[in-house]
Amino acid sequence: MSLPAAITRGDVANYVDALVLVYFVLILFNIILSWVAQFRPIPYNPTLRAVIGFVEETTNPYLNVFRRFVPRIGPLDISPIFATILLFLVGGIASSLIRG
């Protein structure tokens, strides 16, 4: 009978790194969707609407914090740049603190 392996601090730090990466990909997907919606309306499809709704509901609260402080430059919203920089900075600090 073998015992399951214990979860180490490195495993938890790797999990935090993976969460940061997944959230970054969601932010990129949100940016791409906003560009596509500007040039061509997205057709109504219940499955597609559910995916878009999930991406918007998970990323917009975080991005709205930066949109309050970072002004738009014409039609460009540069708040996701600052949001991803802070995301990677805090995620890297958190995972290095967890690793010890």
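Scroll up a little and you will see the structure.
A.B. asks: How should I be thinking about the pattern of salt bridges in this particular structure?
C.D. replies: Where charged atoms of side chains with opposite charge meet at close range, the side chains can pair. This model, assessed by the stated rule, comprises three salt bridges. Note that D17 is salt-bridged to R99, the shortest N-O span being 3.5 Å. With D17 in helix 1 (residues 9-39) and R99 in helix 3 (residues 79-99), the pair connects residues that are 82 residues apart, well separated along the chain. The partner of E56 in a salt bridge is R49, with the nearest N and O atoms 3.4 Å apart. Take R49: its relative accessible area is 39%, and that puts it in the partly exposed class.

A.B. asks: Is there a simple way to think about the side chain of S79 in this case?
C.D. replies: You can see S79 is positioned in helix 3. Look at S79 and you get buried, because its relative accessible area is 0%. In this structure, S79 is in contact with L63, F66, R67 and V70, ignoring residues within four places of it in sequence.

Reading guide: rules and limits
- Residues numbered from 1 in each chain as written.
- Predicted model: local features only at pLDDT ≥ 70, side-chain atom pairs only at ≥ 80, totals over all residues.
- Heavy atoms only, no water.
- Salt bridge = Lys/Arg side-chain N within 4 Å of Asp/Glu carboxyl O.
- Helix = DSSP H or I, 4+ residues; strand = E, 2+ residues; numbered from the N terminus.
- Buried < 20%, exposed > 50% of the residue type's maximum accessible area, 1.4 Å probe, protein only.
- Contact = heavy atoms within 4.5 Å.

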